[in-house]
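Okay, here's what each chain looks like letter by letter:
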Amino acid sequence: GVAISYKLFPFLKNTKKKERYFVKSLKKRLKLYNTYLKKKGKMSKIVPTHEVEIIFKRSLPQNDFETSQMINNLHGLVPTEKLISQLSFVENATEEMEALDQENDEFVKEDSSGFGTDETNE
């Protein structure tokens, strides 16, 4: 995995440079669209181009097993939300943390109902 990363390094460096050009041209195109639609009166609210976030994703293979081992090793040393954001298949770590908390709350409710009580004691 690491050896391949070193071989791909020049490619990734070139890709970053091209992404900067793409972002610049896409923002320029968005500004042209906004100007045109504003003059035509077809758009009531125009989003400033500096507020638009353009994200590029590469489809390079990820070693999720190695990442999960790193997360387990750093558990307790680094905030959990930051660790979860390292996973390649997680889009928004905050949403995932909220979903995990909700899932844990439901599990506690189901588990406590087996003892004949509806309230959970913390």
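Structural data are supplied above this passage.
### A closer look at a nonpolar patch on the surface
Item 1. Together, Phe 22, Leu 26 and Phe 56 give the surface a local cluster of nonpolar side chains, amounting to about 260 Å² of exposed area.
Item 2. Checked against the element boundaries, Leu 26 lands in helix 1 (residues 2-40).
Item 3. With relative accessibility at 34%, the residue Leu 26 sits in the partly exposed group.

### What about the packing of aromatic side chains?
Between two aromatic rings, the relevant description is the distance of the centres plus the angle of the planes.
Item 1. Applying the stated criterion across every chain yields a total of 1 aromatic pair.
Item 2. Considering the side-chain rings of Phe 22 and Phe 56, the 6.1 Å spacing of their centres and the 50° angle between planes classify their relative orientation as tilted. Separated by 34 residues along the polypeptide, Phe 22 in helix 1 and Phe 56 in the loop between helix 1 and helix 2 (64-74) bring together distant segments of the chain.
Item 3. Taking relative accessible area as the criterion, Phe 56 reaches 34% and is therefore assigned partly exposed.

### A short note on the pattern of salt bridges
Where side chains of opposite charge bring their charged atoms close, a pairing between them can arise.
Item 1. Counted under the stated rule, the structure contains 1 salt bridge.
Item 2. Residues Lys 57 and Glu 91 are paired through a salt bridge, measuring 2.9 Å at the closest nitrogen-oxygen approach. Taken as a pair, Lys 57 in the loop between helix 1 and helix 2 and Glu 91 in the loop between helix 3 (80-84) and helix 4 (93-113) lie far apart in primary sequence, 34 residues in all. Of the two residues examined, Lys 57 and Glu 91, each falls in the exposed class.

### Examining the nonpolar core
Item 1. Formed by Ile 71, Leu 83, Ile 84, Leu 87, Val 90 and Ala 93, the largest nonpolar core amounts to 6 residues.
Item 2. If sequence neighbours within four positions are ignored, Leu 83 has contacts with Ile 71, Leu 74, His 75 and Val 78.

### Considering the environment of Lys 38
Item 1. Mapped onto the secondary structure, Lys 38 falls in helix 1.
Item 2. Lys 38 gets classed as exposed once you look at its relative accessible area, which sits at 61%.
Item 3. Taking the C-alpha atoms as reference points, Lys 38 and Glu 66, separated by 28 residues in sequence, lie 50 Å from one another.

### Focus: the side chain of Thr 15
Item 1. With respect to the helices and strands, the residue Thr 15 is situated in helix 1.
Item 2. At 2.7 Å, the side chain of Thr 15 forms a polar contact with the backbone oxygen of Phe 11.

### So, helix 1
Item 1. Along its 39 residues, helix 1 runs 53 Å from first to last C-alpha, staying within 8% of the 57 Å computed at 1.5 Å per residue.
Item 2. The principal kink in helix 1, of about 50°, is found at Leu 8, preceding the proline Pro 10 by one to four residues.
Item 3. Of all the residues in helix 1, the buried ones are Thr 15, Glu 19 and Asn 34.
Item 4. Just beyond helix 1, the residue with positive phi is Gly 41, at close to 75°.

Procedures and definitions
Residues numbered from 1 in each chain as written. Predicted model: local features only at pLDDT ≥ 70, side-chain atom pairs only at ≥ 80, totals over all residues. Heavy atoms only, no water. Patch = residues over 30% accessible without salt bridge, like charges linked within 9 Å, V, L, I, M, F, W, Y side chains within 5 Å. Areas by Shrake-Rupley, 256 points an atom, 1.4 Å probe, with all protein chains shown as cover. Salt bridge = Lys/Arg side-chain N within 4 Å of Asp/Glu carboxyl O. Helix = DSSP H or I, 4+ residues; strand = E, 2+ residues; numbered from the N terminus. Buried < 20%, exposed > 50% of the residue type's maximum accessible area, 1.4 Å probe, protein only. Phe/Tyr/Trp six-rings, centres within 6.5 Å; stacked < 30°, edge-to-face > 60°. Core = buried A, V, L, I, M, F, W, Y, C linked by side-chain atoms within 4.5 Å. Contact = heavy atoms within 4.5 Å. Polar contact = N/O pair within 3.5 Å; in protein donor to acceptor, adjacent residues only side chain to side chain. Expected span 1.5 Å × (residues − 1). Bend = angle between axes of the 7 residues up to and from the residue.

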